[in-house]
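One letter stands for each residue in the lines below.
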Amino acid sequence: YPPQKTLIKKLDEHFHPTLPSIQSVDYTNTSIMATAFSCDKSTAPAEFIANLATYAVENCPVSWSVGAKAAEMVGRDSYFQGSTPLDTWVGYLVVVGFGALFSVFTTIVVYLDKTFAGNASMTSEHFNTAGRMVKTGLTASVIVSQWTWAATLLQSSNVAWQYGVSGPFWYASGATIQVLLFGVLAISLKDIAPSAHTMCEIVRARWGKSAHLTFLFFAFCANIIVTSMLLLGGAATVEALTGMKYELAAFLIPWGVILYTSTGGLKATFMASYLHTMIIFAVLITMITLVYIKVYSSDQIYSFLNNTVSYSPEQCMAIYSTDGTVETSFFYSGDKTVLGQTEGTAQYACGPVAGNAQGSYLTMLSGDGLMFGIINIVGNFGTVFVDQSYWQSAIAARPASAAKGYLLGGICWFAIPFSLATSLGLASTALMVPISRGEAGSGLVPPAVADNLLGSAGAVLVLIMLFMAIVSTGSAESIAVSSLVAYDIYREYINPEATGKQILWVSRVTIVVFGVFMGLFAIALNAMGLNLGWVYLFMGIVIGSAVIPLWNMMTWDKASGKGAIIAAWGGFALALIAWFVGASVESGSVSVATLGSNPVMLSGNLVAILSSGFIHYVYSKFIDPQEYDFSTLDANIHLVEQDTAGLTEDILDKDEIRRSKRWIVRRGYLLTFVLIIVWPILSIPAQVFTESYFAFWVLVSIAWGFGAAIVITFLPLFESQEEIGKVCSGMFNFGMCKKVESEEFAEEEPVKEVDEPAEPVKEPEAEVEADAGESA
């Protein structure tokens, strides 16, 4: 409508005089609008459509025309609006029922493994290390499971809702490289500290008591922050989908973890994690197929995304109103009044995206997206390198499997945030589902889109997927905390002569206490007004300063213990100062809201990790240089019980470990460079994606998702076919009433062969010796 072009441009200048990207959008581009849904096809009342027509709104949001809930989308100020798509009993069934189900499942599997496969009985060593013999496929599956937080499923779609295609990419790449690089530490651990139970044990063995207490603090902070995010996102989603009280959900969710983790230990956690990962990938593939194959295509989503950014501010105000007029609009929130409306922050996905090239969702040239990516990279270094659960997975893996397992796990995990957010996250903006900024910040984008497209079935799928992520990561965090308490507090400072039974008892009690504490802590965080997105950006400020000292501890012989202490506490203090000062400078005040902005969070995260690294390097290089002999480290770490599974010389082959280290170093560094440098640079020439470029982008996300699902599902089964065969054979014999001892299914120890004498010796003494030898 050319006559209105000048008016719209003036409205733009009035609303957003500082955003040139908005002024450059041509709202009269009919080619963009051609495939959008016209308002006369929508479910909006005739009066609403007539009012929209006065603002030249000819094409209405797609969610008003398509989907299970299309008739309810018009005039909504939030998607859920206090109502829930599922009954409350469904929430109790998932939260309580699934926890009990997995407890029974893992208990049975652990019993069968012990009875028919002849594996070790439950000692404290086995409870906390899983026998140190986990293979590549299961290691990769566990890494995927541990790294799939509630935030992976929820926050990744939130950044897609905010920034477009750059959000899922920066979430995925910014949190994959840490796992790839941790593979270097995993194989280093097998080389210099194979007997370790926790990372803090290694700190104590190398740097002493003061450093041990310092990094124990940061380790507990990492576990608490990660578990907080699980419960914040999980409880909010359970409440939104089922109406179950937030406080009750936050308190009950940990019990699903407590039951089977305290029973079966790390091995039970690994087995349950495999099942969780399969279910997560099954729902992931369902959602990808739904958005890009069954209901829509990449070309349609491309057209809808262009339609979303084609609206002017005034048109967005009319669309998000109670009667189709700007006078009743709820599009903005803030303190500036324009045309009788309160204008400030846009509350819905409508109109050009500030900071993106041409205001488009279809570009990697996003200032805020890049800023989020940097925060994501820095923060997630802390939640991998400082989180005991990742060290524990490295401890549990075979040396040959540690490096490959972490690399494969990182590559497969990339698909979850990238593919899921590229489907559900982008669909939320393309369809203009009325998700408010507050709902998106609480992680409700995936459940809202799934519910909009599939109704109750979609809500149930997302709820199950989310619960799988919560219990898989939650169980890993619980066993990690129990190991820290048992070995680094109880054994180190309370009872140095602790027996295996005492360690096992402390581990189990800790799991229960930690679960109850975290349920109450999540309730407190919610009462303080902190949601999932805020805590996710905040985590690097707290634990980022411990990252580089821990890396140096494992890889640099000159790393100083005193320098590590100063670097960790100094970096933490400087990060807090930068964070508060940044909020004051940017907004003139310090509050939860001002502290949560991207630039302020970025400053705190960068100062934490960079200042710590600089301090530790300078102190170790020029003030207190060490000449540490790594070959002496493992001698300072002691087993509680003489359970040497996974610690024999043939398994800890130094040549094999060196080859594995070269393998992971080359590939880990190369993939890191590709994911955070090469891929983004190659996408710059495209600027705003064309239809064919976006189709290729979607194809990559679909292929990656399906490929990862196949590998994670079948590789652990293929590698464990011998053990599975033993269990099945044992169960068959048991069912046929054949009495078979478990030792028959255990692997025979290799027997050293000796040459037989040519003639048997008849002397009694020789006969006795021969009999003794045969018995041995």
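Residues numbered from 1 in each chain as written. Predicted model: local features only at pLDDT ≥ 70, side-chain atom pairs only at ≥ 80, totals over all residues. Heavy atoms only, no water.

Some remarks on the overall build of the protein chain
What counts is decided by this rule: The helix count covers DSSP runs of H or I at least four residues long, the strand count covers runs of E at least two residues long, and both are numbered beginning at the N terminus. Note on classification: 1.4 Å probe, protein chains only; a residue is buried when its accessible area is under 20% of the maximum for its type, exposed when over 50%, partly exposed between these limits. Here, residues are in contact when the closest pair of their heavy atoms is within 4.5 Å. A 1.4 Å probe and the Shrake-Rupley method give the accessible areas. Residues count as covered only by the protein chains that appear here.
Summing up its helical and strand segments, the protein chain has 30 helices and two strands in all. Within the span of the protein chain, comprising 776 residues, buried residues form 59% of the whole. In the protein chain, the share of contacts with a sequence separation of at least 24, taken over all contacts with a separation of at least 6, comes to 82%. Of the accessible surface of the protein chain, which amounts to about 29900 Å², a share of 63% is contributed by carbon and sulfur atoms.

With respect to empty space enclosed by the protein
Our working rule: Using only the protein atoms, space was sampled on a 1 Å grid; points where a 1.4 Å probe fits but cannot get out form cavities, open sets with protein on both sides within 12 Å along at least five of seven lines form pockets, and lining residues are those with an atom within 4 Å of a point. Grid points are joined across faces, edges and corners, and a volume is the space filled by probe spheres set on the points. Residue polarity is assigned by list, with Asp, Glu, Lys and Arg as charged and Ala, Val, Leu, Ile, Met, Phe, Trp, Tyr, Cys and Pro as nonpolar; anything else, Gly included, falls into the polar class.
If you walk through the whole model with that rule in mind, you get four cavities of 30 Å³ or more. Its volume calculated, the largest cavity comes out at about 90 Å³. In terms of lining residues, the largest cavity is bounded by Thr227, Leu230, Leu231, Ile253, Pro254, Val257, Ile470, Gly474, Ser478, Phe514, Gly515 and Met518. Contributions of two or more residues to the lining of the largest cavity are made by α11 (209–242), α12 (246–295), α20 (456–494) and α21 (500–527). Classifying every residue of the lining of the largest cavity by side-chain character gives eight nonpolar, four polar and no charged. Counted as a void, the second largest cavity has a volume near 40 Å³. If you trace the second largest cavity, you find it lined by Pro61, Trp64, Met73, Gly75, Arg76, Ile319, Tyr320, Phe330, Met432 and Pro434. Here the residues of the lining of the second largest cavity sort into eight nonpolar, one polar and one charged.

Looking at the side chain of Ser545
Note the threshold: What qualifies as a polar contact is a pair of N or O atoms within 3.5 Å, subject to a donor-acceptor requirement within protein and to the restriction that residues adjacent in sequence count only when both atoms come from side chains.
Within the secondary structure, Ser545 is located in the loop between α22 (532–543) and α23 (547–555). For Ser545, a relative accessible area of 0% corresponds to the buried category. Of note is the side chain of Ser545, whose polar atom sits 2.8 Å from the backbone oxygen of Ala568. The residues contacting Ser545, other than those within four sequence positions of it, are Phe218, Ala567, Ala568, Gly571, Phe572, Ala608 and Ser612.

A short note on the state of the cysteines
By definition, a disulfide links the sulfur atoms of two cysteine residues through a covalent bond. Operational definition: Our working definition of a disulfide is a cysteine sulfur pair at a distance within 2.5 Å.
Under the counting rule described, the total for this entry stands at two disulfides. A sulfur-sulfur distance of 1.9 Å marks the disulfide that ties Cys39 to Cys60. Between Cys39 and Cys60, the disulfide has an S-S torsion of 100° and is therefore right-handed. Placement of Cys39 in the loop between α3 (30–33) and α4 (46–53) and of Cys60 in the loop between α4 and α5 (88–116) is noted, with a sequence separation of 21 residues between them. Here Cys39 and Cys60 have matching classes, each one buried.

Describing the pattern of salt bridges
We apply this condition: Whenever Lys or Arg places a side-chain nitrogen within 4 Å of a carboxyl oxygen from Asp or Glu, that contact is recorded as a salt bridge.
Applying the stated criterion to the full structure yields four salt bridges. Here Arg491 makes a salt bridge to Glu201, at a shortest N to O gap of 3.6 Å. Remark: Glu201 occurs in helix α10 (residues 199–207) and Arg491 occurs in helix α20; sequence separation between them is 290 residues. The same class applies to Arg491 as to Glu201, namely buried. Across the salt bridge formed by Arg659 and Glu656, the nearest N and O atoms sit 2.9 Å from each other. Taken as a pair, Arg659 and Glu656 lie in helix α27 (residues 654–683) at a separation of three residues, close to a single helical turn. Classification of Arg659 by relative accessible area gives partly exposed; the value is 43%.

Thoughts on a nonpolar patch on the surface
Quick note on the threshold: Like charges within 9 Å and nonpolar side chains (Val, Leu, Ile, Met, Phe, Trp, Tyr) within 5 Å are joined into patches, using only residues over 30% in relative accessible area that form no salt bridge.
Taken together, Leu365, Leu670, Phe673, Val674, Ile677, Ile681 and Ile684 make up a surface patch of nonpolar side chains, about 580 Å² in accessible area. With respect to the helices and strands, the residue Val674 is situated in helix α27.

Some details on a positive patch on the surface
Our working definition: Counted charges follow a simple rule, with Lys and Arg positive, Asp and Glu negative, and His plus the chain ends left uncounted. Working definition for charges: the position is that of NZ of Lys, CZ of Arg, CG of Asp or CD of Glu.
A cluster of like positive charges, contributed by Lys404, Arg662, Arg666 and Arg667, occupies part of the molecular surface. Of the residues forming the positive patch, the biggest block, three residues, is contributed by α27. The class for Arg667 is partly exposed, based on a relative accessible area of 34%.

A few points about the side chain of Ser273
Along the chain, Ser273 falls in helix α12. Once residues within four sequence positions are removed from consideration, Ser273 is found in contact with Ser141, Val142, Ser145 and Ser472.

Things to note about the packing of aromatic side chains
Note the threshold: Stacked, tilted and edge-to-face pairs are distinguished by plane angle, under 30 degrees for stacked and over 60 for edge-to-face with tilted covering the rest, among Phe, Tyr and Trp rings (Trp via its six-membered ring) whose centres lie within 6.5 Å.
Inspection of every chain in the model, using the stated rule, returns 47 aromatic pairs. With a centroid separation of 6.4 Å and 55° between ring planes, the pair formed by Phe217 and Phe572 is classed as tilted. Residue Phe217 is found in helix α11, and its partner Phe572 is found in helix α24 (residues 561–587); the two are separated by 355 residues along the sequence. Residue class for Phe217 comes out partly exposed when judged on its relative accessible area of 33%. A relative accessible area of 16% places Phe572 in the buried class.

Section: the packing of helix α8 (residues 150–163) against α22
Spelled out, the test is: Comment: axis = line fitted to C-alpha atoms, over the contacting stretch for helices; angle = value between 0 and 180 degrees taken between N-to-C directions. Comment on the angle field: the value is read as roughly parallel under 35 degrees, roughly antiparallel over 145, roughly perpendicular from 65 to 115, and oblique elsewhere.
The N-to-C vectors of α8 and α22 enclose an angle of 105°; their axes lie 10 Å apart at closest approach. In terms of orientation, α8 lies roughly perpendicular with respect to α22. Contacts between α8 and α22 involve Ala151, Leu154 and Gln155 from the former and Leu532, Gly533 and Tyr536 from the latter.

Let's talk about helix α13 (residues 298–309)
Using the following cut-off: Each residue after the first adds 1.5 Å to the expected span of a helix.
Taking 1.5 Å per residue as the helical rise, α13 with its twelve residues ought to reach 16 Å, and the 17 Å between its terminal C-alpha atoms agrees with that figure. Counting buried residues along α13, ten of its twelve residues qualify, which places the element largely inside the surrounding structure. Buried within α13 are the following residues: Ser298, Ile301, Tyr302, Ser303, Phe304, Leu305, Asn306, Asn307, Thr308 and Val309.

Regarding the environment of Tyr619
Secondary-structure assignment places Tyr619 in helix α26 (residues 598–623). Those residues in contact with Tyr619, other than ones at most four positions away along the chain, are Ser560, Lys562, Gly563, Ile566, Asp624 and Pro625.

With respect to the nonpolar core
A general feature of soluble globular proteins is that nonpolar side chains tend to end up buried together. To keep things clear, this is the line we draw: Throughout, nonpolar core names a set of buried Ala, Val, Leu, Ile, Met, Phe, Trp, Tyr and Cys residues whose side chains join them through atoms within 4.5 Å.
Within the largest apolar cluster, 231 residues are counted, with the highest numbers of intra-cluster contacts made by Trp149, Ile202 and Phe694. The leading source of residues in this core is α11, at 18 residues. In contact with Trp149, not counting residues within four places along its chain, are Val226, Met229, Leu230, Asn380, Thr383, Tyr390, Ala469, Thr473, Tyr536 and Met539.

Notes on unusual backbone geometry
In this structure, Ala56 is a non-glycine residue whose phi angle is positive, near 65°. Relative to the assigned elements, Ala56 resides in the loop between α4 and α5.

As for the environment of Ala70
By secondary structure assignment, the location of Ala70 is in the loop between α4 and α5. By relative accessible area, which is 6% here, Ala70 ends up buried. Along the backbone, Ala70 and Thr43 are 27 residues apart, and their C-alpha atoms lie at a distance of 6.8 Å. Ignoring anything within four residues of it in the chain, the contact list for Ala70 reads Thr43, Ser63, Trp64 and Ser65.

Let's talk about the packing of α11 against α24
Counted only if it meets this: Rotating anticlockwise by less than a right angle from the far helix to the near helix defines a left-handed crossing, while the corresponding clockwise rotation defines a right-handed one.
It is the contact of α11 with α24, at a shortest axis distance of 9 Å, that shows an interaxial angle of 35°. The chirality of how α11 crosses α24 is left-handed. Contacts from Ser210, Ala211, Thr214, Phe215, Phe217 and Phe218 in α11 reach Ala564, Ile565, Ala568, Trp569 and Phe572 in α24. Of the residues assigned to the contact of α11 with α24, the class counts are nine nonpolar, two polar and no charged.

Brief notes about the confidence of the model for the protein chain
Under the convention used in this document: The predictor reports its confidence for every residue as pLDDT, a score running from 0 up to 100.
Averaged over every residue, the pLDDT of the protein chain is 80; the share at 70 or more is 82%. Here residues 16–35 is modelled with pLDDT under 50, and outside its nearest four sequence neighbours on either side it reaches 42 contacts, counting other chains as well. Counted against residues more than four places away or in other chains, residues 742–776, with its pLDDT under 50, gives 17 contacts.

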